[in-house]
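Observations on chain architecture
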Amino acid sequence: MGLLTLIVLLPLLGFLVNGLAGNRLGKRFVSVVGCGLPAIAFAVTVKCFLDLRAGGWAPIAETAYVWAMVGQSTFEIAFWFDRLTAVMALIVTGVGTLIHVYSIGYMHEDKSYARYFAYLNLFLFFMLLLVLGKSLLVLFVGWEGVGLASYLLIGFWFGDMEKAAAGKKAFVFNRIGDAGFLLGMFAIYSALGTLDMPAINAAFMGASTPAVSATLVGILLFIGATGKSAQIPLYVWLPDAMAGPTPVSALIHAATMVTAGVYLVARMSGIYLHAPEASTIIAAVGALTALMAATIAIAQDDIKKVLAYSTVSQLGFMFVALGVGAYGVAIFHVTTHAFFKACLFLGAGSVIHAMSGEQDIQKMGGLGRKIPVTFVTFAIATAAIAGIPPLSGFFSKDEILWFALGSERGGSVLLFSVMAFTALLTAFYMFRLLWLTFFGKPRMLKDVEHHIHESPFSMTGVLMVLAFLSAVGGFIAIPHFLEPMLPIPAIGAAMQPLHYWVVGGSIAIAATGLAGAAWFFSGDSARAAAVKARFAGVYRVLSNKYFVDELYDRIVGRPLVWISDAVFLKLGDRLLIDGTLNGLASLAQRAAGRLSRVQTGSLHKYAFLVLVGMVASLVWMWRHG
Amino acid sequence: MIHDFLAHLETLLLWGFAGCAFVSASLMLVLRQPMRVAMALVSCMVFLGGVYGLLGVHFIAAFQVLIYVGAVMVFMVYAIMLLDPRDESATAKYSKLLWPGIIGFALLAEALAVGYWNDLPHAPRGALGEPFDIARFSTAFLTEYWLHFELTSVLLLAAVVAALAVIKENRRHERG
Amino acid sequence: MDKVQMLQVLAASLFALGLTGVIIRRNVLVMLMCMELMLNGVNLSLVTFAHTMGSTVGAVLVFLIFVVATAEIAIAIPIVLLLVRRKRSLDIESYTDLKG
Amino acid sequence: MIADLVISLVFIGYAISVLMGFGTILTWVERKQAAVMSDRIGANRAYIRIPFTKVKLVWWGLFHGMADGLKMLLKEDFKPRTYDWYAYAVAPWVVFTPVLLVFAVIPFGGTLTPAALWAPLGEWFGDKSYPMQIATLDAGLLIVFAFSGLTIIGAMLAGWSSSNKFSLLGALRAGSQMISYELVLGLTVLGLILIYGTVDLDSMVRKQSGTVLGVLPAWGIVYQPFAAILFLTAAIAENKRIPFDLPEAESELIAGYFTEYSAMKMGLFMFAEFIEIAVIGALFTTLFLGGYNLPFMSDAGFAFPGGAAVAMPHGAVVVTQLATFLAKVFVVCSFQILIRWTLPRFRYDQVLTFAWKFMLPLAIANLCVTAVAVWWIRA
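Residues numbered from 1 in each chain as written. Chains lettered and ligands numbered in written order. Predicted model: local features only at pLDDT ≥ 70, side-chain atom pairs only at ≥ 80, totals over all residues. Heavy atoms only, no water.

A few words now on the environment of Phe59 of chain B. Within the secondary structure layout, Phe59 of chain B lies in helix α4 (residues 58-82). On the basis of relative accessible area, Phe59 of chain B is assigned to the buried category, the value being 0%. (Helix = DSSP H or I, 4+ residues; strand = E, 2+ residues; numbered from the N terminus. Buried < 20%, exposed > 50% of the residue type's maximum accessible area, 1.4 Å probe, protein only.)

Structure, rendered in structure tokens:
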């Protein structure tokens with residue numbers, strides 16, 4: 001068994017142990033297994049990374065098992081470890097391990113402790129399968145698996161109907177995306193006869209054009225990506241997914257799983273390089289998503305909802321980077337985003353923990369002095385996401401803005417303006433969040449206030465590590481590290497001189513957002529309230545998320561319900577199927593009723609029938625015998 | 001005279017036994033008391049035993065009496081003794097199918113008789129096959145028909161088990 | 001009518017009488033006995049044929065029928081006792097639980 | 001043809017008179033032997049006075065039997081109110097007749113050759129010879145069992161038709177007991193059938209005519225001593241005599257299934273019982289005691305080991321054989337009466353337990369051992 005297989009199997013082992021026997025083994029044991037195995041996986045990943053470097057960055061391939069052989073085609077469970085994979089795997093195992101550790105403190109009181117860790121390990125297993133898979137098929141298994149784990153974890157407290165429904169919603173929206181993904185896979189397989197991603201990329205990069213439109217495949221795969229990575233139009237599940245435990249939100253719905261779409265597009269860059277139309281769509285969708293989510297985030301009061309929309313928005317940034325061909329930059333943003341968004345979510349978890357479950361930021365305030373570690377880490381992460389230099393978010397976001405403006409593969413002023421405005425909004429709503437939560441006067445109930453306490457070290461320690469990473473993560477030059485694989489697009493000649501202007505602009509944007517938020521929300525809430533009152537209509541639209549859920553319900557949900565009810569249920573099921581069966585049944589019943597009159601229950605009559613039969617057969621025999 | 005009598009003694013006895021058997025069987029349909037019916041059946045069986053004896057198959061005759069009378073009818077009489085003989089069914093002797101039954105009997109008897117008259121293999125009249133005694137019968141039984149014999153013993157075992165089960169059920173019913 | 005014919009007719013009529021008895025009598029025990037009578041008719045027929053043809057098959061079959069009859073009665077009697085205990089009657093017309 | 005008929009009639013007459021004689025005598029023997037055993041004088045008051053003399057023929061009370069018979073014949077025949085008078089009336093005969101019939105297949109002597117008996121008979125009979133047996137049947141032993149099965153029906157019928165709870169109980173007991181012990185009886189005899197290779201009683205007796213090891217008579221009891229004990233026990237139980245007389249245990253059931261019988265109907269039951277004693281004696285003699293055979297005696301006379309021989313005329317041989325048979329039967333009868341006055345009575349459940357859990361396994365074991373032994377020796 002190779003090291004790559006080991007990486008994948010370690011979390012699976014954790015899932016089996018905790019899932020099958022966790023309830024009997026005690027919390028301490030569950031914690032050790034649940035965190036220890038991902039930690040080992042991280043260590044092994046580091047070892048693999050070192051091997052990769054020692055091997056001159058030549059990809060490591062490893063076949064674990066031959067899954068199926070159909071005719072000439074062989075489907076293997078094979079793993080592939082190159083630069084891109086290395087980055088992703090390190091994020092997944094590293095951040096994953098940190099969040100596991102954080103969960104020890106966060107979930108300590110939960111009665112389904114073992115189940116939680118089992119699910120978490122299961123998620124890690126599938127995520128690693130997704131990241132390490134050599135072929136699209138293995139990736140797809142991981143893709144579906146993380147969907148399953150996400151469903152299980154969103155609905156972790158399934159006793160609450162709303163949370164169970166959120167899990168279901170996530171699952172259904174993911175399935176819609178998966179349909180596109182599957183179609184894309186079918187198209188690739190029918191054209192190329194293989195699902196190995198290096199082979200596919202090579203085929204599209206090669207001289208002869210494959211017998212399938214790169215645009216078509218690209219769009220289909222992107223549909224899958226929109227589902228998993230919460231882009232328009234399938235993003236609505238992600239805010240609802242905050243129903244799960246907060247570490248889950250941090251791990252799955254911020255740092256790792258939702259970036260799977262980004263990873264997929266980057267991994268399939270060979271296709272997208274030859275599909276400029278698809279790339280344009282990606283950029284457009286990404287920009288729209290980023291803007292829309294950012295506007296919504298301004299008007300949200302739930303701390304996790306704000307972060308969720310912020311995640312959607314940041315994912316939009318990544319897709320813009322992908323759309324303009326800056327794949328390495330997208331992965332760079334994935335990395336930094338993983339750091340600071342995980343930190344933010346975990347910090348939010350810490351706040352919620354301190355507030356005894358309260359999530360409404362309007363009822364917080366002044367927490368900065370009471371939970372200083374959380375406050376400091378949360379502030380660093382906020383600054384990072386807002387793009388304050390020299391924190392990590394500044395570098396990645398700046399590069400995205402720069403390529404949105406200057407890339408020869410679809411960069412434009414319009415795109416840049418939208419993204420810049422979005423960045424401004426980002427800074428604004430993030431600082432709003434920070435201010436409302438940690439500054440000002442406490443607005444919570446006395447009772448709650450009395451209970452506020454700093455989280456245990458297992459949580460704050462993780463926060464500190466992540467805050468540190470958020471701060472310095474920008475100095476890891478990932479785009480350059482990935483350049484041999486994912487080329488950085490050329491910058492148009494006209495744009496070259498504007499680079500420093502853009503850098504300065506983005507610093508200004510961040511500062512403006514900071515200042516705006518400080519001006520609005522410092523002091524009493526009168527100014528914010530006045531703005532809210534003046535733009536009441538806009539505020540209503542924003543706080544209700546553009547009524548997208550209601551829209552979907554009108555145009556998709558209700559017609560579907562109506563069709564299901566009227567056509568399939570009443571006509572098809574009740575009338576046709578049930579009617580046929582009931583008709584047959586009642587026919588049989590009536591026929592049996594008639595026939596059962598023969599069955600008189602009287603032995604005499606039976607015996608008499610025997611006699612009649614004997615006489616008849618004897619007579620027949622004598623006549624014909 | 002007496003010579004003629006002696007010469008035909010066996011035939012006369014055969015006819016006599018056959019007639020008595022028939023009369024006993026007919027009485028079974030007419031008598032009301034189950035015990036009397038049982039007696040009629042016993043006598044019918046004994047007369048049939050006599051018929052077998054006259055045909056020269058003594059062991060069949062012996063077994064007829066031994067098994068039918070000594071076992072089956074003892075069981076039957078036992079059951080009749082255990083059950084109240086003054087049952088309601090004794091007052092209404094016949095079922096509603098009395099006349100259809102009698103007509104059916106006539107038809108069946110006629111069909112069988114006609115069949116025998118027409119189709120019975122007449123060949124061995126006078127040239128009777130070699131009569132066999134118990135030795136030949138036993139040898140055949142244990143060489144040619146041993147499988148059948150074993151199968152019937154299995155059947156007997158099954159019957160014993162089944163009877164036990166029924167009695168168990170009965171006892172449980174009583175207790176519960 | 002020679003001996004064989006007479007015996008066969010007797011056998012047939014015993015069988016027919018037995019069957020008729022099953023049809024027209026109402027007492028369970030009497031019906032059981034009439035079934036025994038039917039078996040006796042068959043036995044007589046078999047013995048006669050065996051005697052006529054000088055073959056042992058008929059006799060063997062008769063012997064097996066004896067065993068079967070014994071087994072049958074050994075089960076039938078307990079069942080009748082159970083029935084009577086349930087229905088408090090020997091009248092077959094009161095056992096109509098299988099009426100369709 | 002007529003000669004055959006005459007011989008048959010003679011045999012039948014002999015058999016009936018022997019049985020009746022035994023039946024009568026045994027009633028007296030039972031009393032007298034009981035008296036002897038319990039150190040009493042016993043029945044001695046009945047006598048016949050020769051008319052007009054003072055000579056009283058007492059003959060050890062032998063006439064008590066006749067007095068009993070007379071009493072039974074003359075007593076009122078009380079008829080109980082029963083729902084089946086026909087069954088009530090027929091039951092004693094169903095008990096009595098088969099007992100008589102059993103004797104038909106028992107050989108009570110060797111071969112009879114009338115011509116050799118008395119020369120003038122030769123004109124009539126020619127040189128035919130007849131085995132001294134009423135019916136020579138190849139299934140003789142089976143017939144014995146068949147008829148003893150009939151008596152069960154009689155006993156049950158009597159008890160049922162008496163319309164009396166005690167009678168009914170007695171009849172149920174009689175039925176169960178007789179069926180159980182008949183099974184044992186049949187199984188014990190199977191061993192003998194294996195050894196002799198026949199069920200024909202006459203050939204069975206003939207096969208017991210030689211000697212074993214030159215000294216012992218080749219009787220069944222020598223081959224099957226175990227079976228002999230079992231057979232006698234089961235036969236006594238079959239006859240419902242003490243210690244197995246539970247169906248008519250007077251302290252529990254008055255007189256069991258014949259409680260309601262009186263006069264000659266009751267007499268028939270009693271008589272059947274005594275005749276049954278004799279029949280058991282005859283059967284035991286035939287099966288285990290060599291029947292009419294005397295040790296070292298053949299149709300020609302005696303031939304003792306060591307060369308000494310005594311030639312005998314045919315008449316003497318026939319008479320010796322008849323006498324031998326009667327003597328043996330009488331000894332066995334007397335032995336049964338001895339048991340009757342010696343052993344106490346079982347409890348009823350013990351009777352059935354004894355049959356099914358003790359005698360039956362023993363009989364089967366005996367049969368198995370015999371089968372293995374016969375197979376060993378033949379092979």
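A few words on the interface of chain B and chain D. With 28 residues of chain B in contact, the opposing surface of chain D contributes 29 residues. For the chain B and chain D pair, buried surface summed over both sides reaches about 2600 Å², with 81% attributable to carbon and sulfur atoms. Joining chain B to chain D, the criterion identifies zero salt bridges. At the junction of chain B and chain D, the tally comes to two residue pairs in polar contact (both at pLDDT 80 or more). Of all the secondary-structure elements, those providing two or more residues to the side of chain B that touches chain D are α1 (2-7), α3 (34-55) and α4 of chain B. Ranked by residue count, the leading element in the side of chain B that touches chain D is α4 of chain B, at 15 residues. In terms of residue class, the side of chain B that touches chain D is built from 21 nonpolar, four polar and three charged. (Contact = heavy atoms within 4.5 Å. Buried area = accessible area lost by both parts, 1.4 Å probe. Salt bridge = Lys/Arg side-chain N within 4 Å of Asp/Glu carboxyl O. Polar contact = N/O pair within 3.5 Å; in protein donor to acceptor, adjacent residues only side chain to side chain. Nonpolar A, V, L, I, M, F, W, Y, C, P; charged D, E, K, R; others polar.)

Attention now moves to the pairing of strand β2 (residues 73-81) of chain A. Residues and elements named next belong to chain A. Where strand β1 (residues 60-70) meets β2, nine bridges bridge the pair, whose relative direction is antiparallel. Following the sheet pairing, Met69 is matched in β2 by Thr74. Between the end of β1 and the start of β2, which pair antiparallel, lie two residues, with Gly71 showing a positive phi angle near 60 degrees. (Pairing = 2+ DSSP bridges.)

The next point concerns the nonpolar core. One finds Phe59, Met73 and Leu108 of chain B, Met33 of chain C together with Leu26 and Leu287 of chain D to be the most contacted residues of the largest nonpolar core, which totals 203 residues. In terms of residues, this core owes the most to one element, α4 of chain B, which gives 19 residues. Split by domain, the residues of this core number at least three in each of domain 1 (2-120) and domain 2 (130-176) of chain B. Residue contacts for Met73 of chain B: discarding those within four places in its chain leaves Ala38, Leu41, Val42, Met45 and Tyr68 of chain B, Met33 of chain C together with Ile153 of chain D. (Core = buried A, V, L, I, M, F, W, Y, C linked by side-chain atoms within 4.5 Å. Domains from an automatic or database assignment.)

Looking now at unusual backbone geometry. Residues and elements named next belong to chain A. In this model, Ile232 is joined to Pro233 through a cis peptide bond whose omega is 5 degrees. Residue position: Pro233 is located in the loop between α8 (214-229) and α9 (237-240). Across the junction of Pro389 and Pro390, the peptide omega takes the value 5 degrees, indicating a cis bond. Here Pro390 lies in the loop between α16 (372-386) and α17 (392-406).

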